[in-house]
Amino acid sequence: MAVLAPTVLPTRWERRRWLTFLVSFVALLLPMSLWALASPIGSVPDEPSHAIRAAAVARGEITAVPWPKNPTLAEATVPENIANAHDLLCFAFDAEVTADCQTPLRNTDETLVQTGSSAGLNSPAFYALVGWPSLYLDGDAAFYGMRLVSALLCAAALAVMFMQLTLLPRFRWAIVAAVVGITPMVLYLAGSINPNGLEVASAGALFATLLTTFRSSLRGRRLVEQAGLAMAAASALVTTRSISLLWLLVIAVVAMLLGRREQILRVLRSPTAWALIAGIGVVSALTALWYLNPPALGAPTPVSAVSPISLLFVFFFTELQTFDFMFGMIGFFGWVDTSSPSLTLAAWTTGIVLILAVAFLWGKRSTKWALWVFLVVTVLIPGFTQLGVYAQYGYIWQGRYTLAMLLCLLIVAGIALDDAGLGADGRVRHFVTGGYAFLFIGHLLAFVMVLRRYIVGANGSLSEMFFNDGWEPPFGWKSLALIYAIGSVLTVLLLRRLFLRSEGADITRDDVLITPAERQETAEIERLDHADRQHAPASPVDRRR
């Protein structure tokens, strides 16, 4: 007689998972689209080269060959108005030069011309995804179209991340940590033509999807759905940058080790899992082959001899910049020439340090090792990577390159608190709501201050900004800032409601920042007190009663 598997009833969050996805998608797409419109064309690091590469790949130029005029760049045949993107960087590296220095050379001339791109060594996958609007749009619209497609992809990936986190048995603090992980730099990169944004978003989507798959009791059609989402996220991740292959490995190993043993075995016995592993293996192998056999472009600078002592200095000097890199993860805009406002840096520094500190203090011990893995990777990989490129390129590492690992690190911190049963009374709920408001004020300030940098200069007068008759983004900066502010308020209210209704985290009088061990100790003391009262002799008053 066959033994039937126990029926696992779906939770309300699982039944409404695609509604969660849709709401998250809209909430994320709005600020990403506003960043896409607010940033002058070419103002994002290396965006001209990424835009040229995207337009070339969309026209069938998958492989890259040296450009005769400059063999260190990949040749690209693109419309003239896109090829002119390199000439738009008059404001780069000088925060006092406004965007109205750009000459009106982004015309509608669709004549194909040859130019060069420094993005020729990158996998063509990302550029194929975002480059197609250049086939149908011209002038400025082609750039904005590619930016908005990037925003759509990143918003979808991060919406999958939030949807997957709500499917965990407990997810209250995981959501809080994920919100902290979406810094202004993440939204800024998502609204640009740069693979760094999709790298961060797809890493978060993949990690959350694998965690849910290995920590829940999914099977059948739901397992197929999970495999499809994991395949899409993993493919997007590994094809963004070469180091993303390492991110994939770290994410997969940590997610599996954080899972439930019986669920992992059940998943690995299913054909769906092996199809997923095979698919990711093929994509990863093809991507690795691309990077192992790069286009034969000229070296920009000759490789110089570096002594072991010098390399040791390079490593430690890079590691000493860890906090500087953290500021870059929060927001270093433009061509690394515009820092976030002090309040924005303070908001995210406080949020990151606080969530990690609480996780290390009160998090479940069996989860803390994962915190150390992501923390070590986030801190040490910049130093080791810098060793490999210093002899030819010098110091190149920027904080945004490790944003994917920061997001995963914070998600693990939230899961450590959820696993420990950390609840929230009224004071904690008010504190979290205030924290959300603090973060989104930081988002808004970063948005407005970057606009100021391109309208009147980084140190320009705010009053002058209101009456400036120079450069303006599409629809005007005041309209964009107002929409950003309204969207921020609505998002804070939405997140507060989600925090209050989080699954598996009922609020009791004991859920006030105490660990399960402390809660057990308190229950034991109460039990002993109750036993003492039962064995104590009755008082005269009690006897008369």
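Being a predicted model, the structure only gives us computed values, none of them experimental.

### What to know about the overall build of the protein
In terms of regular secondary structure, the protein is built from 23 helices and 5 strands. For the protein, with 545 residues in total, the buried portion stands at 52%. Intrachain contacts of the protein at a sequence separation of at least 6 include 82% that bridge at least 24 residues.

### Quick look at the pattern of salt bridges
In total, this model carries 8 salt bridges according to the counting rule given. Taking the shortest distance from any N to any O, the salt bridge between Arg-222 and Glu-14 comes out at 2.9 Å. Residue Arg-222 is found in helix H10 (residues 221-238), and its partner Glu-14 is found in helix H1 (residues 12-15); the two are separated by 208 residues along the sequence. The exposure class of Arg-222 is buried, given its relative accessible area of 12%. Arg-215 is paired through a salt bridge with Asp-419; the nearest N and O atoms lie 2.6 Å apart. Residue Arg-215 is found in helix H9 (residues 195-215), and its partner Asp-419 is found in helix H18 (residues 403-419); the two are separated by 204 residues along the sequence. Classification of Asp-419 as partly exposed rests on a relative accessible area of 27%. It is possible to trace a salt-bridge network through shared partners that takes in Glu-14, Arg-17, Arg-222 and Glu-225.

### So, the confidence of the model for the protein
When pLDDT is averaged along the protein, the result is 87; 88% of the residues meet or exceed 70. Long-range and interchain partners of residues 539-545, a stretch whose pLDDT sits below 50, account for 1 contact in this model, where long-range means more than four residues apart.

### Some words on the packing of aromatic side chains
Under the defined criterion, the tally for this structure stands at 22 aromatic pairs. With a centroid separation of 5.1 Å and an interplanar angle of 70°, the aromatic rings of Phe-466 and Trp-477 are classed as edge-to-face. Of this pair, Phe-466 sits in helix H20 (residues 462-466) while Trp-477 sits in helix H21 (residues 477-500), placing them 11 residues apart in sequence. Every member of this aromatic cluster is reached through a ring pair, and the members are Trp-35, Tyr-188, Phe-333, Phe-447 and Tyr-484. The ring of Phe-499 carries the charged tip of Arg-172 above its face, separated from the ring centre by 4.6 Å.

### Examining H21
The first and last C-alpha atoms of H21 sit 35 Å apart over 24 residues, in line with the 34 Å expected at 1.5 Å per residue. In this structure, the buried side of H21 is in contact with H1, helix H2 (17-38), helix H7 (172-181), helix H8 (184-190), helix H19 (426-455) and H20.

### Examining the nonpolar core
One finds Met-161 and Phe-207 to be the most contacted residues of the largest nonpolar core, which totals 156 residues. By residue number, the principal contributor to this core is helix H6 (residues 140-165), which donates 16 residues. In this structure Phe-207 touches Ile-251, Val-254, Ala-255, Leu-258, Phe-374, Cys-408, Ile-411 and Val-412, once residues within four positions along its chain are discounted.

### Description of the side chain of Glu-14
Owing to a relative accessible area of 16%, Glu-14 belongs among the buried residues under this scheme. At a separation of 2.9 Å, a polar atom in the side chain of Glu-14 contacts the side chain of Arg-222. In contact with Glu-14, other than residues within four places in its own chain, are Leu-167, Leu-218 and Arg-222.

### Side note on the state of the cysteines
A complete count under the given rule lists 1 disulfide for this structure. Here Cys-90 pairs with Cys-101 through a disulfide, and the sulfurs are 1.8 Å apart. Handedness of the Cys-90-Cys-101 disulfide follows from its S-S torsion of about 85°: it is right-handed. Taken together, the positions of Cys-90 in the loop between helix H4 (80-83) and strand E3 (112-117) and Cys-101 in the loop between H4 and E3 put the pair 11 residues apart, joining distant regions of the chain.

Definitions and cut-offs
Residues numbered from 1 in each chain as written. Predicted model: local features only at pLDDT ≥ 70, side-chain atom pairs only at ≥ 80, totals over all residues. Heavy atoms only, no water. Helix = DSSP H or I, 4+ residues; strand = E, 2+ residues; numbered from the N terminus. Buried < 20%, exposed > 50% of the residue type's maximum accessible area, 1.4 Å probe, protein only. Contact = heavy atoms within 4.5 Å. Salt bridge = Lys/Arg side-chain N within 4 Å of Asp/Glu carboxyl O. pLDDT = per-residue confidence, 0-100. Phe/Tyr/Trp six-rings, centres within 6.5 Å; stacked < 30°, edge-to-face > 60°. Lys NZ or Arg CZ within 6 Å of the ring centre and 35° of its normal. Expected span 1.5 Å × (residues − 1). Core = buried A, V, L, I, M, F, W, Y, C linked by side-chain atoms within 4.5 Å. Polar contact = N/O pair within 3.5 Å; in protein donor to acceptor, adjacent residues only side chain to side chain. Disulfide = S-S within 2.5 Å.

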